[in-house]
Amino acid sequence: MDHTGAPAAYYRIRKNRDAACLLCPQACIIAQGKTGICRTRTLEGGALRLTNYGRYTSLGVDPIEKKPLYHFHPGRDILSIGGLGCNLRCSFCQNWSISHGSAPTRAITPEQLAQQAADAGPRNVGVAFTYNEPLIWFEFIRDCAPLLKARGMKTVLVSNGFINPEPFAELAPHINAMNIDLKSFSDAFYQEHCGARLEPVKKTIAAAVNARVWVEVTTLVIPGLNDSPGELDAAAQWLASVSPDIPLHLSRYFPNYEMQRPATPLDTMARAYDIAQKHLNYVYLGNVGDPTRSRTLCPECGATAIARAGYNTDTSGLASGMACAACGARIAGVA
């Protein structure tokens, strides 16, 4: 059954009969027949209704490292699904065709998605809601997660983390892992380049860790915008204050969508790696083709616990229970 048009969660009808959406900090005010920033909620017949329930643009099996999640069932696969729309407006968006465009969609029910996950083979650990922003798919994910859990499957979000505390508190107990974008450690950057704010993202990262969701963080390093040593150091220090075991993925920027400044220099990426490593136990470089800086090293003895070449993962240095095979020390994560 296609539930598009079903009532949305987290809104209130105001005295003048428009709707105040309460799902994310954008706090959109939506008039009759209109949508908010994310384009997934419209006011019809006195109720805020969904335009996106179960409507997806992409569905396929990926290596879990592609999310990227390096410490959550390393070397396994995950069925990955993406919808349409986003509640941010990043000028450098890597998936702009579905986040800001109007790509064709198809319908799937929670029951069908759970069945596909179960049928995806023994290497598949669950479903990742990814590609566009999954938190605007709140109601669909809330319905899918219990069905996945009943089949022994995990629920993963790859998200910008821009959600209000109350809906996130409802969703978090059903989520097993998240990769959350920390696009910058500057509120001015968020406002100018993403149409958002930094503080709600920080709150989501901390809330997810406190809720025992496995959390990894990604920062796209953009030259001249968020790559200063001071900002990178402050971001790594703050993440370490939440937990020094949060893996940080520093990804190399390439021109995309509305931003056409040159790609991030490799020496900038190497410097960012060195800065973050002073505070965090697990730091990785992405989009640079550097297998040395994509290894998981044991924080105790320095041995390679997990080696990676692209999306090929060698876990021979990892003992059962996420332990270093060389010294037995715990490697943070979930196996």
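Shown above is the structure to which this text applies.
Below you will find a few notes about this structure. This structure is a prediction, so every number in the text was calculated from the model and none was measured. (Residues numbered from 1 in each chain as written. Predicted model: local features only at pLDDT ≥ 70, side-chain atom pairs only at ≥ 80, totals over all residues. Heavy atoms only, no water.)

Before going further, it helps to examine the overall build of the protein chain. Per the secondary structure count, the protein chain includes eight helices and 20 strands. On C-alpha atoms alone, the protein chain measures out to a radius of gyration of 20 Å, which is about the 20 Å that the 2.2 N^0.38 rule sets for 335 residues. Considering only contacts in the protein chain between residues 6 or more positions apart, those separated by 24 or more positions represent 65%. Computed over 32 positive and 28 negative side-chain charges, the inter-centroid distance for the protein chain is 4 Å. (Helix = DSSP H or I, 4+ residues; strand = E, 2+ residues; numbered from the N terminus. Rg over C-alpha atoms; globule rule 2.2 N^0.38 Å. Contact = heavy atoms within 4.5 Å. Lys, Arg positive; Asp, Glu negative; His and termini not counted. Charge placed at Lys NZ, Arg CZ, Asp CG, Glu CD.)

Another aspect to go through is the pairing of strand E4 (residues 41-44). Relative to strand E5 (residues 47-50), E4 runs antiparallel, the two sharing four bridges. Within E5, the residue paired with Thr42 across the bridge is Arg49. Hairpin connection of E4 to E5: two residues between the antiparallel strands, including Gly45 at a positive phi of 60°. (Pairing = 2+ DSSP bridges.)

As a further point, take the sheet that holds strand E2 (residues 19-21). Judged by pairing direction, the sheet is antiparallel, and its three strands sit side by side in the order E1-E2-E3 without closing on themselves. Edge positions in the sheet fall to strand E1 (11-13) and strand E3 (29-30), since each has one partner strand and no second.

Turning next to the sheet that holds strand E17 (residues 304-309). Spatial strand order, E16-E17-E18: three strands in an open sheet with antiparallel pairing. Every interior strand has two partners, whereas the edge strands, strand E16 (296-297) and strand E18 (312-314), have only one. With two bridges joining them, E16 and E17 adopt antiparallel strand pairing. Bridged to Thr296 within E17 is Ile306.

Take the environment of Trp96 next. Within the secondary structure, Trp96 sits in helix H1 (residues 96-99). When its relative accessible area of 40% is taken as the criterion, Trp96 is described as partly exposed. Along the primary structure Trp96 and Tyr53 are separated by 43 residues, whereas in three dimensions their C-alpha atoms are 20 Å apart. At 3.4 Å, the side chain of Trp96 and the side chain of Asn256 are in polar contact. (Buried < 20%, exposed > 50% of the residue type's maximum accessible area, 1.4 Å probe, protein only. Polar contact = N/O pair within 3.5 Å; in protein donor to acceptor, adjacent residues only side chain to side chain.)

Attention now goes to the nonpolar core. Across soluble globular proteins, you tend to see nonpolar side chains buried next to one another. Counting residues in each nonpolar core, the largest one holds 77 residues, and the members touching the most others are Phe92, Leu113, Phe129, Leu182, Ile205, Leu239 and Leu250. When neighbours within four sequence positions are excluded, Phe129 is seen to be in contact with Ile81, Leu113, Pro134, Trp137, Phe140, Ile141, Cys144, Thr155, Val156, Leu157 and Val158. Within the second largest apolar cluster, 21 residues are counted, among which are Ala128, Tyr284, Ile306 and Met322. (Core = buried A, V, L, I, M, F, W, Y, C linked by side-chain atoms within 4.5 Å.)

Bridge analysis of strand E14 (residues 248-252) against strand E15 (residues 283-286) gives four bridges, and the strand direction is parallel. Paired with Leu250 across the strands is Leu285, a residue of E15. Chirality of the crossover, the property in question, places the unit of E14, helix H8 (residues 266-277) and E15 among those that are right-handed. (Right-handed = clockwise from strand over helix to strand, strands pointing away.)

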